[in-house]
Amino acid sequence: MSLPKAPKQFLADRTELRRGFEPNLAETDRHLDPINIRNQVITFMIAGHETTSGALAFALYYLTRNPWALADAQAEVDALWGGNDRPEPTFTDIPNLRYIPATTPV
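Residues numbered from 1 in each chain as written. Predicted model: local features only at pLDDT ≥ 70, side-chain atom pairs only at ≥ 80, totals over all residues. Heavy atoms only, no water.

**Focus: the overall build of the protein**
Here comes step 1: The helix and strand tally for the protein stands at 5 helices and 0 strands.
Here comes step 2: Taken across its 106 residues, the protein has 8% of its residues classed as buried.
Here comes step 3: Restricting the contact set of the protein to residue pairs at least 6 apart, pairs at least 24 apart contribute 43%.
Here comes step 4: When the accessible area of the protein is evaluated, it comes to approximately 9600 Å², of which 62% is carbon and sulfur surface. (Helix = DSSP H or I, 4+ residues; strand = E, 2+ residues; numbered from the N terminus. Buried < 20%, exposed > 50% of the residue type's maximum accessible area, 1.4 Å probe, protein only. Contact = heavy atoms within 4.5 Å. Areas by Shrake-Rupley, 256 points an atom, 1.4 Å probe, with all protein chains shown as cover.)

What follows is the structure, encoded as structure tokens:
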């Protein structure tokens, strides 16, 4: 097994490899038009949404396949938000979750 290259050499190799695939903007004088930019943004948004929904679907599937894990996850949520029917989780609540992040791919 070979050791990884030093960072500078790794970056130099990547830059050299990219030159074969990406023409220099100065050479082509081509820019992305607004429609292409819009399409790229939509692609990024959908790809992020699809990845998140897929991860949540698998997490919920595996929790339902393991009742003990589901019970532990539910107990953690109940301990944090109690009997509140409409909890409003915040980012400051995330560090208080120990079990759920350790058992889900999210």
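**Comments concerning the confidence of the model for the protein**
Here comes step 1: Scored by pLDDT, the protein comes out at a mean of 75, with 68% of its residues at no less than 70.
Here comes step 2: Mean pLDDT per element in the protein: helix 1 (residues 7-19) is the minimum at 53, and helix 4 (residues 67-81) is the maximum at 89. (pLDDT = per-residue confidence, 0-100.)

**A few points about a nonpolar patch on the surface**
Here comes step 1: A cluster of nonpolar side chains, contributed by Leu32, Ile37, Val41 and Met45, occupies part of the molecular surface with about 390 Å² of accessible area.
Here comes step 2: Following the sequence through the fold, valine 41 ends up in helix 3 (residues 34-65).
Here comes step 3: A relative accessible area of 42% means that valine 41 is categorised as partly exposed. (Patch = residues over 30% accessible without salt bridge, like charges linked within 9 Å, V, L, I, M, F, W, Y side chains within 5 Å. Salt bridge = Lys/Arg side-chain N within 4 Å of Asp/Glu carboxyl O.)

**Some details on the packing of aromatic side chains**
Here comes step 1: The full count for this structure, using the stated rule, is 2 aromatic pairs.
Here comes step 2: Considering the side-chain rings of tyrosine 61 and tyrosine 62, the 5.0 Å spacing of their centres and the 75 degrees angle between planes classify their relative orientation as edge-to-face.
Here comes step 3: A residue is classified by how much of its surface remains accessible, and tyrosine 61, at 40% relative accessible area, is partly exposed.
Here comes step 4: The partly exposed category is assigned to tyrosine 62, whose relative accessible area is 48%.
Here comes step 5: Ring-pair connections join several aromatic residues into one group, and the members of that group are Phe58, Tyr61 and Tyr62. (Phe/Tyr/Trp six-rings, centres within 6.5 Å; stacked < 30°, edge-to-face > 60°.)

**Let's talk about the side chain of aspartate 93**
Here comes step 1: Here aspartate 93 lies in the loop between helix 4 and helix 5 (99-103).
Here comes step 2: The buried charged residue aspartate 93 lacks any salt bridge, with arginine 98 as its nearest oppositely charged partner at 12 Å.
Here comes step 3: If we skip the residues at most four places from it in the chain, aspartate 93 touches Leu80, Trp81 and Glu88. (Lys, Arg positive; Asp, Glu negative; His and termini not counted.)

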